[in-house]
Amino acid sequence: MAVQEPVVGMADDIDQCIADTYYVVLGYVVSDSGWVGHVGKPYKADPSIGGSMGASMGASDSGRIRSASVTDNPYRLPRAVMPHRYTLALEPDLAAASFVGHVIIDATVNEAVDQIVLNAIELAISDVKVAGKTATYELDESTERLIIKTGHTRGTASIEITFAGILNDKLRGWYRSTYVDSDGKQQVIATSQMQATDCRRAFPCFDEPDFKAVFDVTLIVEPHLLAVSNGPEIDRVAHDSGKVAVRFAETMPMSTYLVAFVVGPLVATEPMLIPRLGEPDNPIPLRVIHVPGKGNLTAFGLDIGAFSISWYQEFYGLAYPTDKCDLLALPDFAAGAMENLGCITFRESLLLADPATATQYELQTIADVVAHEVAHMWFGDLVTMKWWNGIWLNEAFATFMEIACCDAYRPDWLRWTTFSLERSAAFEVDSLASTRTVEFAVEAPSDCDGMFDVLTYQKGGSLLRMLQQYLGEDAFRRGVSHYLSKHEYGNTETGDLWDAIEEANAATPVRRLMDSWIWQPGYPIVSARLDDRALLLTQRRFAYGDTENTTEFVVPVHLRIDGAESRVLIDGSPLRIDLPSDDASVVVNAGGHGFMRVAYDDGLRSLLRRELHGLTIIDRYNLVDDAWNEVVAGRLAAADFVSFVEDFAGDRDLAVWQAIVVGLRGVSRLVEGDAYAALQRRIAELVGPAVGAVGWEPVAGEGDLQAKLRGLLVGALAVLGNDDDAHARCREILESASGSATVPDPELLASATNAVASVGSDDDYERYLTGFKTASTPQEELRFMYALAEFPREEQIQRTVALAFSGEIKTQNAPFLLNRCIANRRHGKLAWAEVRRNWEAANEKFPGNTIVRMIDSVKTLTDPATVADVQSFFSEHPIPQAVKTLDQVLERQRVNAAMRERESDRLSGDLLHD
């Protein structure tokens, strides 16, 4: 599942990352030919390795979580009755927002029972039969269980249930989605979102991931409506009610959270037939399904969908595991997308686009999300975690695969390089005391809600990239293919993947290495210093502040010394490496594959600063990113950071400037008044020449990333540099786009939209509001919507906050708009006060998984009174579905407040005396 709606702004992904959008040495020194050294024991089993490892892992000898007996756990169903087939019929009434249903569950009874227990919630049960005989039952809302009070002997059982339910407005289970058609009439769609435990809201079921079964689904619908489910349509017959009964092919055995059904006035593209690996006569039909009138926005989604299916078949060495692939663009969707088997659902903005008007980032995001969900068809759907503690691996692996697939799809996008910015968002959270281990024990299914975050997606994906680079790409692929083949149609735990990779690649300490990262929180900072013509490498856990921590990791480090690359393993004590000369050039974490930060001593840093032009893009990016986080941690002065990034004035690579802009935006939050004006002038002096070099006009034949760099620099000059000429030019760009037959450059137009908003008048606000309501693409709609949070006047931000609560903004988007309002530099405190005042309404109106994202930007509010208010408010108003994430937001606010208190005066003094 893709869970976070991208925040659109200056350089798109920049705001996502800021608003808040890698040896004890045992002598492992390795050349490019491979690793040299012995294979150690599993990490957790070796008491000589790493301080608190045994206490922090919570794992058994196999690396699997110990859990209470399922019979004693109120959140786990007994395993005596195991379903293997559902025959399900559902009949929705879209106008009444309700449905009726009937299900027959064929199950195996492993031992005699005196009752049968399954899951149901928000359903009216009218009849229950077991083996054809009427049974008594009890629906326990508190435990979300249907208890059928009928005994059964060992053997097989048929459980038959008739029920009714509602199509809710909370975007979970089977719910209502709406859109306004070309005649101005509201149309209703019934669509589903079952993950994690909402299938039980649609029909009674054994709603846990290891209860895999076959699903035979029939939807009884009005004849003019399109009905879609996991399997292809195989039959359509008239029903007594005047409707039609649409039956779908049986699915492969799968978990309930992957069940999907969608009914409504929708349109499907003609199927694109994708060759099936090993079965040329059995192609895979691929369609995009959308609301009427948006067929012109489907081509890009179809293209990346087709590419990813073919690419994954080759990568995994396994054919696409089901009959068809439908990609559905939905008007209302709380998550970003969902990997329902053969019936993948998306927000419209993450599937539909016009490539002529979309920015590179908007298209890349669609490519990422489509590739992510298609990757799940194998890793997640074909092979599924046993319990929700394993959801991190599903999502981390899909994140890794989306980047690999998109890098193959568009090599010119340098996707592994740009992934560094996303990895930095994981660093930000993992630097906190309130971070968590990647995997942790999950008792209640709701406990896994906290796993849908950057630590699962970006950190988890980064760790898999690190492992791939450690093993080599062929060895990693061989291990993954073995894992999928070995466990197809089954359920696994995390250790099963490490075991399969080790089985496919003899003498590789995969479990030992990965356990040190999965079962411990945080990540290391590797210190590199010169010592008598040798390089000395040590590790410690990186943290904001001066927290002492003895956590140690098994750290694979790529080195580049005078251009020659090698690999070493830091596994405890310091590692000493002889250098060829006193002035040897040293890059630690060369290529940026490791999940670590690097701290160079003054001598090494000085050498690197003299040779910036010779470093790779990712090496330069890491230098800037690491330096900014040293400021946050209190180990580098903000003024020194500004001086440091000025060394990069001549750089012309997007990723490097993204890191620079992230840092400069953070610095700009530290000062006010004359000092802030002085900083703006200094930023303009840095960015202005770069804008001049890339030019204000697109160049024929230039790459997408060059155009994106132009947009980033223009936005930085106008917004961070407050440059009058840049503001004027941005207004010209925006005005020239109105009514013009010529399609403007999307990157310049997106930057100009935000830049004009930052100084916009009330007339501009009205224009943006109209643009939001009349936008021709989902991307244009979001650009105008989010820009409403950037306006400079108090009354304008008040209007935007009121708009978010008014119902005019879809509930899937309103929380993110409020997030941007709270992040407004001038009036964020006002927006927070309004959200605080409307807290109950927000929790009632908006999807539960968006609440913590709505308030994430309170961490930018750093004056003492507001910090005290925020911290006090959440001590009395917890967010139960996001306890750990809220702790992280509040801690980061305290970290930012401490940075401001520490840096504000001395930075102001430096700026005003320059």
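Residues numbered from 1 in each chain as written. Predicted model: local features only at pLDDT ≥ 70, side-chain atom pairs only at ≥ 80, totals over all residues. Heavy atoms only, no water.

A. Spotlight on helix 23 (residues 828-837). Those residues of helix 23 not exposed but buried are Gly828, Leu830, Ala831, Trp832 and Val835. Contacts made by the buried residues of helix 23 are with helix 21 (794-806), helix 22 (814-822), helix 24 (839-845), helix 25 (851-854) and helix 26 (864-876). (Buried < 20%, exposed > 50% of the residue type's maximum accessible area, 1.4 Å probe, protein only. Helix = DSSP H or I, 4+ residues; strand = E, 2+ residues; numbered from the N terminus. Contact = heavy atoms within 4.5 Å.)

B. Representation of the confidence of the model for the chain within the structure. Overall, the prediction assigns the chain a mean pLDDT of 89, with 91% of residues at 70 or greater. Every residue in residues 5-70 scores below 50 in pLDDT, and together they form 193 contacts with partners more than four places removed in sequence or on other chains. (pLDDT = per-residue confidence, 0-100.)

C. Representation of the environment of aspartate 562. Residue placement: aspartate 562 occurs in the loop between strand 27 (555-561) and strand 28 (564-570). The class of aspartate 562 is partly exposed, set by a relative accessible area of 44%. Spatially, the C-alpha atom of aspartate 562 lies 6.6 Å from that of valine 586, the residues being 24 residues apart in sequence. Sequence-distant contacts of aspartate 562, defined by excluding residues within four places in its chain, comprise Pro580, Ser581, Ala584 and Ser585. A polar contact is formed between the side chain of aspartate 562 and the backbone nitrogen of serine 585, at a distance of 2.8 Å. (Polar contact = N/O pair within 3.5 Å; in protein donor to acceptor, adjacent residues only side chain to side chain.)

D. Up close: the nonpolar core. If you look at the biggest cluster of nonpolar residues, it comprises 314 residues, and the most contacted ones within it are Phe203, Phe261, Tyr316, Trp498, Leu537 and Ile855. Ranked by residue count, the leading element in this core is helix 5 (residues 391-409), at 13 residues. (Core = buried A, V, L, I, M, F, W, Y, C linked by side-chain atoms within 4.5 Å.)

E. Local environment of helix 4 (residues 360-376). Spanning 17 residues, helix 4 covers 24 Å between terminal C-alpha atoms, matching the ideal 24 Å at 1.5 Å per step. Among the 17 residues that make up helix 4, 17 are buried, leaving the element largely enclosed by the rest of the structure. (Expected span 1.5 Å × (residues − 1).)

F. Quick peek at the packing of aromatic side chains. In total, this model carries 41 aromatic pairs according to the counting rule given. Between the aromatic rings of phenylalanine 400 and tryptophan 416, the centroid separation amounts to 5.5 Å while the plane-to-plane angle is 45°, which identifies the pairing as tilted. Separated by 16 residues along the polypeptide, phenylalanine 400 in helix 5 and tryptophan 416 in helix 6 (residues 415-430) bring together distant segments of the chain. Among the aromatic residues, those joined into a cluster by ring pairs are Phe379, Phe397, Phe400, Trp416, Phe419, Phe476 and Tyr483. (Phe/Tyr/Trp six-rings, centres within 6.5 Å; stacked < 30°, edge-to-face > 60°.)

G. Up close: unusual backbone geometry. The step from glutamine 195 to alanine 196 runs through a cis peptide bond, and the omega angle for that step is 5°. As for its position among the elements, alanine 196 is in the loop between strand 11 (186-193) and strand 12 (214-221). Residue asparagine 589 is not a glycine yet carries a positive backbone phi of 65°. Within the element layout of this structure, asparagine 589 appears in the loop between strand 30 (586-588) and strand 31 (597-600). Taking the relative accessible area as the measure of exposure, asparagine 589 reaches 3% and is therefore buried. With a phi angle near 50°, asparagine 722 is a residue other than glycine that sits in the positive phi range. Summarising the element assignment, asparagine 722 is placed in the loop between helix 16 (704-720) and helix 17 (724-737).

H. Here's a closer look at the sheet that holds strand 5 (residues 123-130). Spatially, 8 strands are ordered 6-5-9-3-2-12-15-14 in an open sheet, and the strand pairing comes out mixed. Across the chains shown, the open sheet's two edge strands, defined by having one partner strand only, are strand 6 (133-134) and strand 14 (233-238). Bridge count between strand 2 (residues 81-93) and strand 12: 6 bridges; the pairing is parallel. Along strand 12, the bridge assignment pairs leucine 88 with valine 217. (Pairing = 2+ DSSP bridges.)

I. A look at the sheet that holds strand 8 (residues 145-148). Here we have 3 strands laid out as an open sheet, ordered 4-8-7, and antiparallel in their pairing. Looking at which strands have only one partner, the edges of the open sheet turn out to be strand 4 (116-119) and strand 7 (137-140). Averaged over all pairs of adjacent strands, the angle between their axes in this sheet comes to 20°, without regard to strand direction. For strand 4 and strand 8, the ladder comprises 4 bridges, and the chain directions are antiparallel. Bridged to valine 117 within strand 8 is isoleucine 147. (Axes fitted to C-alpha atoms, helices over the stretch in contact; angles between N-to-C directions.)

J. Summary view of the pairing of strand 15 (residues 244-248). The buried count for strand 15 comes to 4 of 5 residues, which makes it a mostly enclosed element. Two strands pair when backbone bridges link them, and strand 12 and strand 15 are joined in this way by 4 bridges, in the antiparallel orientation. Residue pairing across strands places valine 221 opposite valine 244, the latter belonging to strand 15. For strand 14 and strand 15, the ladder comprises 5 bridges, and the chain directions are antiparallel. Pairing of alanine 238 across the sheet is with valine 244, part of strand 15. Count of turn residues in the strand 14/strand 15 antiparallel hairpin: 5 residues, of which glycine 242 carries a positive phi of about 95°.

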